[in-house]
Amino acid sequence: MSSPCHTSALLLVFMALAVTGAEQSEERSCDVIGDESSESQMERALLKKLEPLSHMRFNVTVDKGKTENYVYQFRVCREVNSTSHDYGGLVQTDRQNGKTTVIGRINETQVFNGSDWIMLIYKGGDSYGTHCSGEKRRAVIMISCKRGVTASSFSIISEEREKEQECFYLFEMDSSVACPAENSHLSVGSILLITFASLIAVYIIGGFLYQRLVVGAKGMEQFPHFAFWQDLGNLVADGCDFVCRSKPRNAPAAYRGVGDDQLGEESEERDDHLLPM
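Residues numbered from 1 in each chain as written. Predicted model: local features only at pLDDT ≥ 70, side-chain atom pairs only at ≥ 80, totals over all residues. Heavy atoms only, no water.

Under an unreviewed UniProt entry, the name given to the protein is Cation-dependent mannose-6-phosphate receptor, and the organism recorded is Neopipo cinnamomea.

Here you go:
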């Protein structure tokens, strides 16, 4: 009895470890500020739109000598360091002493957009020291439309920390996810052209099959209404001659010359002496 009980206990331990590992491996995503029920459909749609960037990491270095030497690490709706469990979506690391500061956290996210941009705001960062009345830091990331590019040009624009309140770090990047959907509206002319081409294709293919399978035609006779199309050039020429001719068909020539009637009369006169008396 002890052996089966020991085996069951080991299985339970392994299952618990597997569940714990799965929970740890699952990365946290953006949590919009406010109750979940208060999230608008627009916010959910924008977060869904940003998902292609969630597996990417972005870094930018600011080196201003001894005063500022930082590396900023950013992820879209994911923690920069998932093992820290600090919800840090944008983190600043001092290259001189290795100190890490969370600029903004993904569990306090705001997101909104315009016609060709998306603004992502991470609030709830580590508190300022002597700046900005000691309030918590926040990161503002402006994502601008650039078609054909998944993500590029991540950079820091400025840090607004001279105010008493509402200080922020401003970053920007380019991405195609911020671009509006392209509407492919066909003009009336295009629709008519497509319809006309489709009708011609149906006429040729359907007529060919009918002539070949039903009538039993061979060679060029398989082409529908072959006799008509063969004589079309003559019909067009006759029509143009009828419409465009400015004088009657039997009008006399405008110049004086040797006509057929004169040649006929002369030949008859020359042959009179050959007749028998």
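Back to the text.
K.L.:
Quick question: what am I supposed to make of the packing of aromatic side chains here?
P.N.:
Where two aromatic rings form a pair, the distance of their centres and the angle of their planes describe that pair. Tallying each qualifying case throughout the model produces ten aromatic pairs. Relative to Phe-154, the ring of Phe-58 lies with its centre 5.9 Å away and its plane at 45°, an arrangement referred to as tilted. Note that Phe-58 is positioned in strand S1 (residues 57-64) and Phe-154 in strand S7 (residues 152-160), a separation of 96 residues in sequence. Accessibility classification places Phe-58 together with Phe-154 in one group, the buried group. Members of the aromatic cluster, joined through ring pairs, are Phe-58, Tyr-70, Tyr-72, Phe-74, Tyr-122, Tyr-128, Phe-154, Tyr-169 and Phe-171. Over the aromatic face of Tyr-87 sits the side chain of Arg-28, whose NZ or CZ is 4.6 Å from the ring centroid. (Phe/Tyr/Trp six-rings, centres within 6.5 Å; stacked < 30°, edge-to-face > 60°. Helix = DSSP H or I, 4+ residues; strand = E, 2+ residues; numbered from the N terminus. Buried < 20%, exposed > 50% of the residue type's maximum accessible area, 1.4 Å probe, protein only. Lys NZ or Arg CZ within 6 Å of the ring centre and 35° of its normal.)

K.L.:
Looking at this model, I keep getting lost on the pairing of strand S4 (residues 100-113). Mind explaining?
P.N.:
Looking along a regular strand, one sees side chains alternate from face to face of the sheet. With five bridges joining them, strand S3 (residues 88-94) and S4 adopt antiparallel strand pairing. Looking across to S4, one finds that Val-91 is bridged to Val-102. Joining the antiparallel neighbours S3 and S4 is a turn of five residues, in which Gly-98 adopts a positive phi near 75°. Where S4 meets strand S5 (residues 117-124), seven bridges bridge the pair, whose relative direction is antiparallel. Residue pairing in the sheet places Thr-109 in a bridge with Tyr-122 of S5. (Pairing = 2+ DSSP bridges.)

K.L.:
Would you explain the pairing of S3 in this entry?
P.N.:
Burial analysis of S3 places seven of its seven residues in the buried class, the great majority of the element. When strand S2 (residues 68-75) meets S3, the two strands line up antiparallel, connected through five bridges. Looking across to S3, one finds that Tyr-72 is bridged to Gln-92.

K.L.:
In this structure, what is going on with the state of the cysteines? I would like to understand it.
P.N.:
By definition, a disulfide is the covalent link that joins the sulfur atoms of two cysteine residues. One pass over the full model with this rule turns up three disulfides. Between Cys-30 and Cys-77 runs a disulfide, and the two sulfur atoms are separated by 2.1 Å. Judged by the torsion about the S-S bond (-100°), the Cys-30/Cys-77 disulfide is left-handed. Here Cys-30, found in the loop between helix H1 (2-25) and helix H2 (41-49), pairs with Cys-77, found in the loop between S2 and S3; they are 47 residues apart in sequence, far enough to count as distant. Of the two residues, Cys-30 and Cys-77, both sit in the buried class. Note on cysteine connectivity: Cys-145 is disulfide-linked to Cys-179, with sulfurs 2.0 Å apart. (Disulfide = S-S within 2.5 Å.)

K.L.:
When you look at unusual backbone geometry in this model, what are you seeing that I'm missing?
P.N.:
The phi angle of most residues is negative, glycine excepted, and most peptide bonds adopt the trans form. Positive phi values are uncommon outside glycine, yet Ser-153 reaches one of about 60°. Given a relative accessible area of 45%, Ser-153 falls into the partly exposed group.

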